[in-house]
Amino acid sequence: MSEGASPSEQILEAARRNNTDLLEEVLSKFAETPQKAIDLINNAKDSSGNGALHLAAKLGHYEVMDQLLDIDGVDVNIQAQSNGNTPLHYAASFSFNDPQYGLFIINELINCGADPSIRNKENLKPIDIIGSSNEEIKEALESAEYATVIDLNVEDIPEEEEEEEEDDDDDEQEEGGEGK
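Values in this document were obtained by computation on a predicted structure and should not be read as measured data. (Residues numbered from 1 in each chain as written. Predicted model: local features only at pLDDT ≥ 70, side-chain atom pairs only at ≥ 80, totals over all residues. Heavy atoms only, no water.)

A closer look at the packing of helix H4 (residues 52-59) against helix H5 (residues 62-69)
Let me state the cut-off plainly: Axis definition: a line fit to C-alpha positions, over the contact stretch in the case of helices; interaxial angles, taken between N-to-C directions, run 0 to 180 degrees. For helices the rule is a DSSP run of H or I covering at least 4 residues; for strands it is a run of E covering at least 2, with both sets numbered from the N terminus onward. Crossing chirality is assigned from the near helix's rotation relative to the far helix, an anticlockwise turn below a right angle marking it left-handed and a clockwise turn marking it right-handed. A contact between two residues is defined here by any heavy atoms of the two lying within 4.5 Å. Polarity classes work like this: nonpolar for Ala, Val, Leu, Ile, Met, Phe, Trp, Tyr, Cys and Pro, charged for Asp, Glu, Lys and Arg, and polar for all others, with Gly in that last group.
With their axes 8 Å apart at the nearest point, H4 and H5 run at an angle of 145 degrees to one another. Considering how the two elements wind past one another, H4 and H5 form a crossing that is left-handed. Here H4 contributes Ala-52, Leu-53, Ala-56 and Ala-57 to the contact with H5, which in turn contributes Val-64, Met-65, Leu-68 and Leu-69. For the contact of H4 with H5, the class distribution of residues is eight nonpolar, no polar and no charged.

Have a look at this one:
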């Protein structure tokens, strides 16, 4: 990398080359301002609108992807400007080159919160990219999408137990107040 490369260009280059040393070097400059590092990672884009996490997933560069995913606040569901792909879409495409390693990357993204239900600009979810080419990857994406739907539905259930406990506490306070 030349001296003149911006931090954004360096982050993208680290992802392209799976260069963890370069990534660490750039991020070390933001040790005192972690939010700036997160913003840099989430906002750095190449000419196609892909960020560092997109590039790492697209190229199967797990080491850099892992370091990026370890940073709280990095957007695992960020969509590329040109095509709307998320890193999970790119990992699904990468899996055609190396199915087992692709499954590993897909599972890592899912474990870090990647949403398999997001559609790109062609209205495709990552599972649509896989199609029937790999049953194991298809099952992983289906399971993750099902789990996401279940989580969303659980969040919609009203928390009645908490309300009842508060009512019980109010009753006890009133009873205690009458006896004094």
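Section: the side chain of Thr-86
Rules: In the analysis that follows, any N or O atom pair within 3.5 Å is treated as a polar contact, provided that within protein one partner can donate a hydrogen and the other can accept it, and provided that, for residues neighboring in sequence, both atoms belong to side chains.
With respect to the element layout, Thr-86 can be found in the loop between H5 and helix H6 (87-94). Within the structure, Thr-86 has its side chain in polar contact with the side chain of His-89 (distance 2.9 Å). Apart from residues lying up to four places away in sequence, Thr-86 is in contact with His-54, Asn-77, Ile-78, Gln-79 and Ile-118.

Notes on a negative patch on the surface
The cut-off we apply is this: Note on patches: the residues involved have over 30% relative accessible area and no salt bridge, like charges join within 9 Å, and the nonpolar side chains Val, Leu, Ile, Met, Phe, Trp and Tyr join within 5 Å. Each accessible area is a Shrake-Rupley estimate made with a 1.4 Å probe; only the visible protein chains count as cover when residues are assessed. Take a side-chain nitrogen of Lys or Arg and a carboxyl oxygen of Asp or Glu: if they are within 4 Å of each other, that pair is a salt bridge. A positive count includes Lys and Arg, and a negative count includes Asp and Glu. His and the chain ends are not counted in either. By convention, the charge on Lys lies at NZ, on Arg at CZ, on Asp at CG and on Glu at CD.
On the surface, a cluster of negative charge is made up of Glu-135, Glu-136, Glu-139 and Glu-142. If you trace the backbone, Glu-136 turns up in helix H9 (residues 135-155).

A short note on unusual backbone geometry
Leave glycine aside and you will find that most residues have negative phi; peptide bonds, for their part, are mostly trans. Unlike most non-glycine residues, Asn-18 shows phi in positive territory, near 55 degrees. The residue Asn-18 is located in the loop between helix H1 (7-17) and helix H2 (20-28) in this model. The backbone of Asn-123 shows a phi angle near 65 degrees, a positive value even though the residue is not glycine. Mapped onto the secondary structure, Asn-123 falls in the loop between helix H7 (99-111) and helix H8 (126-130).

Quick word on empty space enclosed by the protein
This is how the line gets drawn: In this analysis the probe radius is 1.4 Å and the grid spacing 1 Å, with only protein atoms considered; a cavity is a set of points the probe fits into but cannot get out of, a pocket is an open set with protein on both sides within 12 Å along at least five of seven lines, and lining residues have an atom within 4 Å of a point. Grid points are joined across faces, edges and corners, and a volume is the space filled by probe spheres set on the points.
Evaluated as defined, the whole model comprises one cavity of 30 Å³ or more. Roughly 40 Å³ of internal volume is contained in the largest cavity. Lining the largest cavity we find Ile-41, Asn-42, Gly-51, Ala-52, Leu-53, Val-74, Asp-75 and Ile-78. Of all the secondary-structure elements, those providing two or more residues to the lining of the largest cavity are helix H3 (34-43) and H4.

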